[in-house]
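Summary of the model geometry
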Amino acid sequence: MWTVIHIVQSEDRANEINDKLSKDGFLVKVQPINRNDEDGFFQILVPEAEAEEAYNLIAELGLS
């Protein structure tokens, strides 16, 4: 099951987090919260088993 670990307000920021987590070996999905608004909020999702570790990495890298 996929778990939301972070929400950001720009697609660029979501892609930055996706890139950093992917480089560290995490499976990552980025989904817009409102599909009609391209400048809206985006969810960062990872598998539930990796959620805590991925969240901690985001915090360590100062991406939160």
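Higher on the page you've got the structure.
Here's what I pulled together on the structure shown here. As the structure is a prediction and not an experimental result, all values here were calculated from the model.

Let us now look at the overall build of the chain. Counting its secondary structure elements, the chain contains two helices and three strands. Taken from the N to the C terminus, the helices and strands of the chain come in the order β-α-β-β-α. Radius of gyration (C-alpha) of the chain: 11 Å, near the 11 Å computed for a compact globule of 64 residues. Its C-alpha atoms give the chain principal-axis dimensions of about 30 × 25 × 15 Å.

What follows covers the sheet that holds strand β2 (residues 29-32). Taken together, the three strands give an open sheet; going across it, the order is β1-β3-β2, and neighbouring strands pair in antiparallel fashion. Looking along the sheet, the strands with just one partner apiece sit at the ends: β1 (2-8) and β2. Neighbour-to-neighbour, the strand axes of the sheet open up by a mean angle of 30 degrees, direction not taken into account. Across the sheet, helix α1 (residues 11-23) lies against β1, β2 and β3 (42-47), angled at about 20 degrees from β3, the strand it touches most.

This part takes up the pairing of β3. With five of its six residues buried, β3 lies for the most part within the structure. Strand direction decides the pairing type here: β1 and β3, joined by six bridges, are antiparallel. Its bridge partner lying in β3, Val8 is registered against Phe42. Pairing of β2 with β3 involves four bridges; the strand directions are antiparallel. Note that in β3 the partner of Gln31 across the bridge is Gln43.

Within this structure, the stated rule accounts for one salt bridge. Between Glu16 and Arg13 there is a salt bridge, with its nearest N and O atoms 3.1 Å apart. Placement of the pair is Glu16 and Arg13 together in helix α1, with a separation of three residues, close to one helical turn. Its relative accessible area of 31% is what places Glu16 among the partly exposed residues.

Criteria and cut-off values
- Residues numbered from 1 in each chain as written.
- Predicted model: local features only at pLDDT ≥ 70, side-chain atom pairs only at ≥ 80, totals over all residues.
- Heavy atoms only, no water.
- Helix = DSSP H or I, 4+ residues; strand = E, 2+ residues; numbered from the N terminus.
- Rg over C-alpha atoms; globule rule 2.2 N^0.38 Å.
- Pairing = 2+ DSSP bridges.
- Axes fitted to C-alpha atoms, helices over the stretch in contact; angles between N-to-C directions.
- Contact = heavy atoms within 4.5 Å.
- Buried < 20%, exposed > 50% of the residue type's maximum accessible area, 1.4 Å probe, protein only.
- Salt bridge = Lys/Arg side-chain N within 4 Å of Asp/Glu carboxyl O.

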